[in-house]
Amino acid sequence: MIETRSSDSVFDRLEPLLPRVAKPVQYIGGELNSTVKDFDAAAVRWALMYPDAYEVGLPNQGVMILYEVLNEVPDVVAERAYAVWPDLEALMREHEIPHFSVDSHRPLGAFDVIGVSFATELGYTNLLTALDLAGIPLHAAQRGDHHPIVVAGGHAAFNPEPIAAFIDAAILGDGEQAVLAVTAVIRQWKADGCPQGRQGLLRQLASVEVPAAPGAAPGGVYVPSLYDVDYLDDGRIQRVTPNDLAAPWRVGKHTLMDLDEWEYPKQPLVPLAESVHERMSVEIFRGCTRGCRFCQAGMITRPVRERSIEGIGRMVDRGLTATGFDEVGLLSLSSADHSEIAEVAKGLADRYEGTQTGLSLPSTRVDAFNVDLANELSRNGRRSGLTFAPEGGSERIRRVINKMVTEEDLIRTVTTAYANGWRQVKLYFMCGLPTETDEDVLQIAEVARRVIAAGREVTGRNDIRCTVSIGGFVPKPHTPFQWAAQLDHEATDARLAKLRDAIRADRRYAKAIGVRYHDGKPGVIEGLLSRGDRRVGDVIEAVWRAGGRFDGWNEHFSFDRWASAAATALAPHGLDLDWFTTREREQAEVLPWDHLDSGLDKEWLWADWQDAIDEVEVDDCRWSPCFNCGVCPTMGTSIQVGPTGRPLIPLTVG
Amino acid sequence: MGARTPRTPPGDVAPVAQRVRLRFTKRGRLRFTSHRDIQRALERAIRRSGLPIAYSAGFTPHPKVSWAGAVPTGAASECEYVEIGLAERRDPEWVRTELDAALPDGIDVVAASDDTAVSLSDALVASRWQVRCEGLDRADMAAAVTALLAVDRLAVRRMTKSGERDVEVRDSILALSVGQSEGTLDIVVATAVPVVRPDDVMSALVGLGMPSPAVPPIATRLTFGSWDGEQVTPLF
């Protein structure tokens, strides 16, 4: 461990090492629209860490938004940090350089608070690397008053129990208002002379309440150390109880209610280095009520809140001016579902006609796609690939997962795309869904064949292609499938092998269909970390100590390292990897995240799980009556959708 | 199988009305950018600045930008050149000011010209480099320099993505001396294929007995242009 408390920039010591590492540009900071404020003069200093490679972390909207929201506060500094690759990590250890922020290269230990955004659980080992490199004790219990507070956010924070020992706090839901509330608490605590030290601050944070609406259940800050977990003899959780009066029994998620009041990022970061998304993104709505039962994002971000067409127009204009990107991504969980998406797409295509500015919808539902929309998107010269996600191969399994798309819809949509000039379509499916059999997955081959056959018929051409991409299903907390048994990796691999053989066997179509899938092993570990409890923390630490880094990357992930660490660390509790992954839970079981409130009514989730098994579908509450998922009454929220009926006005020149 | 009917590219593409050449720098921490990073940064700066850039024809139109002999990642430069095609005529100095404002500090656009009589590749035949080798003894450097200048040919081994390859160094060295300021080398290399980089010259010198610098040397291209046997004169 490297001991340092200096707040000086480490750049002078870092610079001589940079010629010796891959892609040094990712460590230098200074991106267009980045901010460097007076570090020493600030009252509250945030380090915002994305625990993955720079090229993945930089485009992350969550970090970008909070970076701006915080830096707009005069006495607050927010700087960004990303995971360092093992080549630099080794050199930093050799030269005793602590983990740093990329903006002014301050040691992470010099900040008051480190906010870590977990889009996926596979970033947990990278958190430990960062803490250790920064000289911050891995275990929150061993940190002193001078160490930063480590706060987890992002979707994985909806069950932070596996990393409970390593974090001081977790925040569920939208971060914009939550980080400001936490900042206010830290500012006051420091101004008061740090009463009761670190413990005093944590108790104050546990009392934070940010209601989305007056009188509704407030969003809070979860401080794991203020809760005790008791276990039954068979290993299941008996109860989770607060051990401090400051800690509420349940901690609620935060919900931002008017997106038009929060037009962030206003000045999107533009990296010098290449990143995974080379475009300017605008979030056109938050939340999704389609009700796909596997989808954690759709469940935990309810209700739907649309940004208005004018708000979208303002953000696109300001963002393009500030960045110079040549592509705009209209982001959301299902972008074609925006109530005025046609008007938005047409308005933007008109506005940017002749400027070589591309438009893209990163996620489009089969039933919301239409050719007019697609043509607007490709009007300005570019025709990007089309991706649809039927998720399940058979109609039956699509009823189970509540992805209400018929095979006829799918064929019609894809055929229309081929007829309108697209030559390549990508279809995304999952394998290992609850109640799934070989037949459900083999139906994917049939769907792909029908797509190609219909495409050849309408185009009269043989060069059309379809790529089938298959991911392993991982049951997630706060979804109807949170009780489900995960399919083990042997069965997943066997099923995928059968599918591959079925597609290859039909020589009329084999060459036109590409198949992409990964083996089932990483999904099992993601499953362990998703639905794990505090006892899984020892597994994470053991894996990290054995060299585990960058688990989201194939070339770094080692299933054997995880399996062996799990076997060793879970044995004293009489548990194993299967217990956390392939075991189906019963209704009465206390789940590790039951004290964390996503607003979803657990009884509704259970009823929806039973409906899934019975292959009963449920509608979208935007277009049908409320089906009582529980979010709106609990959180005091309601769906906010258009149409506004207003046009996107052209920009005035001059 | 149906007949292949080619799709016509959308819209008309405005022809190039004027070519403007720019000289720019790669200073400070920006030396860690790769050539691709610089390409992206310039294309985005062009869009932000609102210059009337011309685009290539086709389904994926590209802005008209031509590059010449970029320095490697990790090397700094006071003298890089790029040529852009504009769809409408502009005062080169105005183009320089606009682009300089839109580019990050460190990539500074320092001169502009619309004289394109000689092609960039014909005009940029030699580079003068300063290599700062902290902690190296002047006499050690001078001895290796003399040894290198005394041979007719010398190849060094370079690691590339496709493995090791030998690069002939001596042929391309037009001038070499220990620099005026402490711990520096002054190198003039001809623009050649494969290009000889300052670190290739450093490898050659280390092979001839110069100690390896304790910290990685920092190379800066000072000028890029013509060679009269005495000095390198920048194109503009």
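About the criteria used
- Residues numbered from 1 in each chain as written.
- Chains lettered and ligands numbered in written order.
- Predicted model: local features only at pLDDT ≥ 70, side-chain atom pairs only at ≥ 80, totals over all residues.
- Pairing = 2+ DSSP bridges.
- Helix = DSSP H or I, 4+ residues; strand = E, 2+ residues; numbered from the N terminus.
- Axes fitted to C-alpha atoms, helices over the stretch in contact; angles between N-to-C directions.
- Parallel < 35°, antiparallel > 145°, perpendicular 65-115°, else oblique.
- Left-handed = near helix turned anticlockwise from the far one by under 90°.
- Contact = placed C-beta atoms within 7 Å.
- Nonpolar A, V, L, I, M, F, W, Y, C, P; charged D, E, K, R; others polar.
- Buried ≥ 20, exposed ≤ 12 C-beta atoms within 10 Å, placed from the backbone.
- pLDDT = per-residue confidence, 0-100.
- Expected span 1.5 Å × (residues − 1).
- Arc of directions from axis to C-beta.

Asks: Tell me about the sheet that holds strand β14 (residues 386-391) of chain A, residues and numbers included.
Replies: All names here are of chain A. Pairing within the open sheet is parallel, and its 4 strands lie in the order β14-β15-β16-β17. Because the sheet does not close on itself, it has two edges, and the strands there are β14 and β17 (513-517). For this sheet, the mean inter-axis angle between neighbouring strands, taken without regard to orientation, is 20°. With 4 bridges connecting them, β14 and strand β15 (residues 424-431) associate as parallel partners.

Asks: Tell me about the packing of helix α3 (residues 61-71) of chain A against helix α6 (residues 176-191) of chain A, and name the residues and values.
Replies: All names here are of chain A. Put simply, α3 and α6 touch, their axes get as near as 10 Å, and they point 45° apart. Classed by the angle they form, the pair α3 and α6 counts as oblique. The handedness of the crossing between α3 and α6 comes out as right-handed. In this structure, α3 contributes Ile65, Leu66, Val69 and Leu70 to the contact, and α6 contributes Glu176, Val179, Leu180 and Thr183. For the contact of α3 with α6, the per-class residue count stands at 6 nonpolar, 1 polar and 1 charged.

Asks: So what's going on with the pairing of strand β1 (residues 44-50) of chain A? Which residues, and what values?
Replies: Residues and elements named next belong to chain A. With 7 of 7 residues buried, β1 lies mostly within the body of the structure. With burial as the criterion, each face of β1 is covered, one bearing Val44, Trp46, Leu48 and Tyr50 and the other bearing Arg45, Ala47 and Met49. Where β1 and strand β2 (residues 76-82) come together, 7 bridges link them in parallel fashion. Among the inter-strand pairings, Met49 is bridged to a residue of β2, identified as Ala81. Looking at chain direction, β1 and strand β3 (residues 113-117) are connected through 4 bridges and run parallel. Note on β3: the bridge partner recorded for Leu48 is Gly115.

Asks: For the confidence of the model for chain B, give the residues involved together with the corresponding values.
Replies: Residues and elements named next belong to chain B. Mean pLDDT over chain B: 91, with 94% of residues reaching 70 or higher. The low-confidence segment residues 1-10, where pLDDT is below 50, has 10 contacts with residues more than four positions distant or belonging to other chains. With pTM at 0.94, the complex prediction returns an ipTM value of 0.88.

Asks: Talk me through α6(A); I want residue IDs and the actual numbers.
Replies: Residue and element names in this part refer to chain A. In this model, α6 (16 residues) spans 23 Å end to end at C-alpha, consistent with the 22 Å of a helix rising 1.5 Å per residue. Looking at α6, one finds that the buried residues are Glu176, Ala178, Val179, Val182, Thr183, Ile186 and Trp189. The buried residues of α6 occupy an angular sector of 160° when projected down its axis, which confines them to one face. Looking at the buried residues of α6, the elements they touch are β1, α3, β2, β3, β4 (149-153) and α7 (197-206). Immediately downstream of α6, the backbone of Gly193 shows phi near 85°, a positive value.

Asks: Lay out the pairing of strand β1 (residues 18-26) of chain B with the relevant residues and their values.
Replies: Residue and element names in this part refer to chain B. In terms of burial, β1 is a largely internal element, 7 of the 9 residues being buried. Of the strand pairs in this sheet, β1 and strand β3 (residues 76-86) are connected by 8 bridges, and their pairing is antiparallel. Bridging across to β3, Leu22 finds its partner in Val82. Taken together, the 4 bridges between β1 and strand β4 (residues 109-113) define a ladder with antiparallel strand orientation. Paired with Leu22 across the two strands is Ala112, which belongs to β4.

Asks: How would you summarise unusual backbone geometry if you had to cite specific residues and measurements?
Replies: Cis geometry marks the peptide bond from Tyr264(A) to Pro265(A), where omega comes out at -5°. Within the secondary structure layout, Pro265(A) lies in the loop between β8 (251-252) and β9 (280-283). In this chain, Val193(B) is followed by Pro194(B) through a cis amide linkage whose omega measures -5°. Topologically, Pro194(B) is positioned in the loop between β9 (184-190) and α5 (198-207). Positive phi, close to 75°, is recorded for Asn33(A), a residue that is not glycine. Judged by the 16 C-beta atoms lying within 10 Å of it, Asn33(A) is partly exposed. Look at Glu615(A): it is not a glycine, yet its phi comes out positive at around 60°.

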